[in-house]
Amino acid sequence: MDKISIPIGPQHPLLKEPLSMMVDISGEKVLGGSLRLGYVHRGIERLAQQRTYVQNIHLIERICGICSHVHTTTYCYAVEALLGIEIPPRAQYIRALMCELERIHSHLLWLGILAKHIGLDTIFMHTWHDREMVLDIMEEVSGGRISHAANQIGGVRFDLDEEKGEMIRKILIKLHSQVEGLLDVIESEPAAIARTKGVAPISPDLIKAYGVVGPIARASGVDVDMRRDASLPPYDQLEVKVITHSDGDAWARTFVRVEETRVSLNLCETIIREMPRGDVVVHAPRRVPEGEVIIRSEAPRGELFYYLRSDGSDKPARLKVRTPTLAALSLLPVQLSEINVADIPVVLAGVDLCIACADR
Amino acid sequence: MVTPIKLEDLCAEIKTNAGCQCEVYDGVHGDHTLSITPDQLKPVIDVIFKTFDYCHLSAITVQQRKNQPDEIEVFYNFWSGSGFSLLLRLPMKSAKLPSIISTIPGADFYEREAAEMFGIEFTGRDETPPLLLPDEWDQGPPFIGEKEKNG
Amino acid sequence: MFRSLFHLLVFPGFLFLVISGLTFEWLDRKFLARFQRRVGPPWYQPLADLIKLFSKEDLLPKNANDFLATLLPLISLSSVLTAGLYVPIAGYTPFSFEGDLIVIIFLMSVPTLAYYLAGIISLGIYSVLGGGRSLLQFFSYEVPLLIALSGPAILGRSWSVSTIMETQGRLGPFIIFQPLGFVLAVVGLIGKLKRDPFDIPKATSEVVGGSLTEFSGAKLGFWNLVMDIQAVVGIFLLIDLYFGWIKMSHPILAIAIFVIECLILILVLSGTSAIFARLRIDQLAGLGWRILVPLALLQIGFVILMGV
């Protein structure tokens with residue numbers, strides 16, 4: 001059969017964010033593909049050099065619409081490392097709580113998208129309904145559903161009282177039972193298994209060669225998790241269970257993410273229970289002394305890398321952001337070969353695309 | 001869990017297998033950094049990837065320091081249990097580096113980004129369309145040149 | 001003359017089928033919404049959608065054949081409307097003849113072929129892909145569906161739907177003798193209607209809108225109407241063939257039972273599309289030829305043995 005190229009994106013029902021792919025197919029077989037990024041490139045790294053450290057928090061929050069908090073958290077830890085200050089333990093715990101909530105909401109969002117792509121609209125509706133609970137918590141504690149503006153250099157901008165802690169715990173318990181149900185569906189629904197088992201497996205060697213991180217790497221049996229390995233506070237005091245799976249296929253990626261949601265729910269409960277008392281912010285000077293720092297943290301999609309250099313002024317001299325999606329995207333053309341056209345959505349969903357993150 | 005590597009082991013491995021001496025640069029907080037020259041890049045990366053069980057390239061960070069305007073700094077940031085970086089200094093006029101995508105195919109996007117944003121030429125790889133900048137972009141690498149005007 | 005016109009235009013012809021088609025769409029969307037913890041649309045939503053589509057601009061790609069693109073939905077609409085005329089509704093049919101079941105089955109297949117052609121002539125990449133898929137799918141579900149539908153015909157010793165219904169009045173509903181055949185017929189109907197889990201030709205995430213990607217305005221409106229009417233005709237047919245035993249003396253009671261049966265079948269269809277994930281085309285072909293066809297043959301064998 002003749003080879004034809006089908007465009008996927010920049011506008012396509014499959015994609016929620018603009019990304020352009022040309023996929024070569026022959027009949028129902030995919031032969032290969034190529035990518036083009038940059039549709040939402042905003043030059044954030046360049047913009048960051050023109051704004052002060054404080055203004056940059058709000059700029060960086062807008063890198064991503066899903067994992068906005070982990071970006072600012074990593075940035076703030078980087079600035080604080082240059083300043084040589086340590087934030088109060090309570091602030092660390094609140095940051096971690098928001099990170100974990102964000103991970104739950106990101107993974108649920110992702111699960112819904114996968115379900116929608118394979119035609120399981122019911123699961124899509126249910127997961128997004130459950131995800132709404134997480135957004136409610138976020139709104140209740142920080143005032144923002146998507147951009148929380150929770151961080152400031154030297155701590156966080158709000159405190160949690162007993163009442164809010166109790167409310168969060170109640171919602172989390174409810175969410176827990178919902179997630180158990182979802183896990184049950186993923187593990188037992190025959191059509192969902194038929195669509196994901198054995199689809200586009202990634203070997204650990206490919207993971208290593210392409211530098212892929214996060215749930216995708218863990219689903220291929222690569223045991224990396226920056227929460228445990230980079231030990232940013234307060235994760236050095238918390239036990240993080242790292243979920244891995246050896247299959248490396250689309251189903252394993254689903255399994256890892258759903259299990260991680262469960263781990264994050266437990267972690268949230270631990271954080272609320274063990275949250276130390278005290279202040280949530282310390283005073284931080286405006287000017288940052290000269291220096292360079294590299295901070296890695298675990299975003300919902302994997303290792304988030306920040307390089308920050310200060311030249312002693314109130315603006316960063318260089319800020320480099322490497323988001324996990326960029327690494328996963330470079331593997332995408334490799335995955336898009338020798339598969340079925342109907343598997344394209346499954347492969348794309350497995351990457352957990354965040355184009356805004358990748359473009360910056 | 002990946003066992004973190006020790007800086008001494010890394011230096012020793014590079015010395016025996018790639019046959020080059022590398023200086024430790026201690027400016028970066030958080031990562032071990034080794035300073036090497038462009039022609040050492042490929043052998044050193046070969047050594048790094050063959051020696052350790054698990055190691056990935058996190059990023060290629062490029063920057064230009066204000067006090068050294070005719071020099072470009074390139075960091076190759078790796079992670080293998082703990083972070084470590086390779087630092088290369090290139091002359092501004094002829095910023096050329098050997099491409100490493102034959103060893104690390106995942107470096108493709110990072111190299112393209114560095115080429116677009118800082119005008120670094122990566123030798124030994126195919127010409128590619130722009131990755132992040134618009135197709136009709138004609139104002140040169142955005143991080144170079146007009147820096148002072150806006151900053 | 002006036003009587004025939006009434007039959008053609010009002011009942012059981014055009015008006016009745018359009019209204020029941022839109023009602024079906026509303027019920028289906030409402031049930032699906034309730035399965036998905038949503039509220040669902042109000043009752044007039046399908047009609048409003050239709051009016052909106054008819055008032056919208058009609059666009060086609062530059063080199064596409066506009067004449068054929070207009071003709072295909074109209075041909076499909078007239079075939080499903082004609083098929084609807086021969087399907088007894090609550091036991092009532094004005095135009096019954098020996099062999100009308102074959103005519104119905106044939107007319108019900110026309111939209112699928114037209115759908116395939118619509119994909120080819122509208123010159124979009126996704127349309128061509130969707131059209132090809134619809135043809136592949138056609139070969140997977142049509143054979144088991146045909147074998148399953150011939151079960152009632154063999155047992156009723158007639159190819160006329162009304163005669164089959166009369167036989168059921170004597171023997172009891174055919175669902176008792178061929179439950180497997182009924183299940184296969186429902187599966188076939190889902191395939192024919194391109195509903196989840198067999199919505200492969202129009203899978204949004206894979207081929208955007210399938211064959212109809214390039215269609216808009218009134219043409220798309222007609223296509224939507226075709227799908228709705230095809231669904232109700234299919235549902236009526238299955239109920240006649242498998243549950244058509246009750247000869248009620250009172251017409252109101254007959255209609256009530258018929259409506260309840262329809263509602264249950266719609267609920268089954270909505271439930272199926274809520275529960276299952278979409279299959280891949282190779283998985284569907286495997287399911288059709290390796291599982292459904294042998295099962296259908298098994299059912300037919302049983303029916304023939306029973307008839308002897």
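Just so it is clear, the model here is predicted, and its values are computed rather than measured. (Residues numbered from 1 in each chain as written. Chains lettered and ligands numbered in written order. Predicted model: local features only at pLDDT ≥ 70, side-chain atom pairs only at ≥ 80, totals over all residues.)

Let's talk about the overall build of chain C
Then, number 1: The secondary structure content of chain C amounts to 13 helices and zero strands.
Then, number 2: Element order for chain C, N to C, with α for helix and β for strand: α-α-α-α-α-α-α-α-α-α-α-α-α.
Then, number 3: Rg of the C-alpha trace for chain C: 19 Å, near the compact-globule value of 19 Å for 308 residues, within the 12% margin.
Then, number 4: Considering only C-alpha atoms, chain C reaches an extent of 60 × 50 × 40 Å along its principal axes.
Then, number 5: Within chain C, the proportion of its 308 residues that are buried is 51%.
Then, number 6: A fraction of 81% describes how many contacts in chain C between residues 6 or more apart in sequence connect residues 24 or more apart. (Helix = DSSP H or I, 4+ residues; strand = E, 2+ residues; numbered from the N terminus. Rg over C-alpha atoms; globule rule 2.2 N^0.38 Å. Buried ≥ 20, exposed ≤ 12 C-beta atoms within 10 Å, placed from the backbone. Contact = placed C-beta atoms within 7 Å.)

A look at the environment of B:Glu116
Residue and element names in this part refer to chain B.
Then, number 1: Structurally, Glu-116 is set in helix α3 (residues 108–118).
Then, number 2: Overall, the presence of 20 C-beta atoms within 10 Å leaves Glu-116 in the buried class.
Then, number 3: Sequence separation between Glu-116 and Asp-46 is 70 residues, and the spatial gap between their C-alpha atoms is 25 Å.
Then, number 4: Every residue in contact with Glu-116, bar those within four places of it in the chain, is listed here: Pro-130, Leu-131, Leu-132, Leu-133 and Pro-141.

Focus: helix α7 (residues 161–171) of chain C
Residues and elements named next belong to chain C.
Then, number 1: Buried within α7 are the following residues: Val-161, Ser-162, Ile-164, Met-165 and Gln-168. Each buried residue of α7 sits inside an arc of 155° when the element is viewed along its axis, so together they form one side.
Then, number 2: Following α7 by one or two positions, Gly-172 has its phi on the positive side, about 100°. (Arc of directions from axis to C-beta.)

Examining the interface of chain B and chain A
Then, number 1: Contact residues are listed per partner, giving 34 residues for chain B and 38 residues for chain A.
Then, number 2: Elements represented by at least two residues in the side of chain B that touches chain A include exactly β2 (28–29), β4 (56–63), β5 (71–80) and α3 of chain B.
Then, number 3: Pairing of strand β6 (residues 291–299) of chain A with β2(B), which is carried by two bridges, proceeds in the parallel orientation. The residue bridging A:Glu292 from the neighbouring strand is B:Val28, located in β2(B). (Pairing = 2+ DSSP bridges.)

Here's the deal with the interface of chain A and chain C
Then, number 1: With 26 residues of chain A in contact, the opposing surface of chain C contributes 23 residues.
Then, number 2: Secondary structure elements with two or more residues in the side of chain A that touches chain C: β1 (4–8), α4 (89–117), α5 (121–142), α7 (190–196) and α13 (344–351) of chain A.
Then, number 3: For the side of chain A that touches chain C, the element with the highest residue contribution is α5(A), accounting for five residues.
Then, number 4: Split by residue class, the side of chain A that touches chain C holds 14 nonpolar, seven polar and five charged. (Nonpolar A, V, L, I, M, F, W, Y, C, P; charged D, E, K, R; others polar.)

Comments concerning the pairing of strand β2 (residues 20–26) of chain A
Residues and elements named next belong to chain A.
Then, number 1: Burial along β2 is one-sided: Met-21, Val-23 and Ile-25 are buried, while Ser-20, Met-22, Asp-24 and Ser-26, pointing the other way, are not.
Then, number 2: Note that β1 and β2 share five bridges and pair antiparallel. Residue pairing across strands places Ile-8 opposite Met-21, the latter belonging to β2.
Then, number 3: Relative to strand β3 (residues 29–36), β2 runs antiparallel, the two sharing seven bridges. Looking across to β3, one finds that Asp-24 is bridged to Gly-32.

Looking at the packing of helix α11 (residues 217–243) of chain C against helix α12 (residues 251–275) of chain C
Residues and elements named next belong to chain C.
Then, number 1: It is the contact of α11 with α12, at a shortest axis distance of 10 Å, that shows an interaxial angle of 115°. In this view, α11 runs roughly perpendicular relative to α12, as classed from their interaxial angle. For α11 against α12, the interelement crossing comes out right-handed. Contacts from Ile-235, Leu-238, Ile-239 and Phe-243 in α11 reach Phe-258, Glu-261, Cys-262, Leu-265 and Ile-266 in α12.
Then, number 2: A per-class count over the contact of α11 with α12 returns eight nonpolar, no polar and one charged. (Axes fitted to C-alpha atoms, helices over the stretch in contact; angles between N-to-C directions. Parallel < 35°, antiparallel > 145°, perpendicular 65-115°, else oblique. Left-handed = near helix turned anticlockwise from the far one by under 90°.)

Observations concerning the sheet that holds β3(A)
By definition, the strands of a sheet pair up through backbone hydrogen bonds, in either a parallel or an antiparallel sense.
Then, number 1: An order of β1-β2-β3-β9 (chain A) is seen for the four strands of this open sheet, with the pairing classed as antiparallel. A strand with exactly one partner marks an edge of an open sheet, and here the two such strands are β1 and β9 (339–340) of chain A.

Points about the nonpolar core
Then, number 1: In this structure, A:Val79 and C:Leu238 are the most contacted members of the largest nonpolar core, which totals 248 residues.
Then, number 2: No other element matches the 17 residues that α11(C) contributes to this core.
Then, number 3: If we ignore the near neighbours within four places in the chain, the residues touching A:Val79 are A:Tyr53, A:Ile153, A:Val288 and A:Leu308. (Core = buried A, V, L, I, M, F, W, Y, C linked by C-beta atoms within 7 Å.)

Quick notes on the confidence of the model for chain C
Residues and elements named next belong to chain C.
Then, number 1: When pLDDT is averaged along chain C, the result is 84, and 98% of the positions lie at 70 or above.
Then, number 2: Here helix α10 (residues 204–207) stands out as the element of chain C with the lowest mean pLDDT, 71, in contrast to helix α3 (residues 45–55), whose mean of 91 is the highest.
Then, number 3: Both confidence scores are given for the complex: pTM 0.83, ipTM 0.81. (pLDDT = per-residue confidence, 0-100.)

Some remarks on the packing of helix α4 (residues 66–86) of chain C against α11(C)
Residue and element names in this part refer to chain C.
Then, number 1: α11 packs onto α4 with a crossing angle of 20° between their chain directions and a minimal axis gap of 9 Å. By the criterion of interaxial angle, the relationship of α4 to α11 is roughly parallel. Helix-helix and strand crossings are classified by hand; for α4 and α11 the assignment is left-handed. Contacts between α4 and α11 pair Ala-69, Thr-70, Pro-73, Leu-74, Ser-76, Leu-77, Val-80, Leu-81, Ala-83 and Gly-84 from the former with Lys-219, Phe-222, Trp-223, Leu-225, Val-226, Ile-229, Gln-230 and Val-233 from the latter.
Then, number 2: Its residues assigned to classes, the contact of α4 with α11 shows 13 nonpolar, four polar and one charged.

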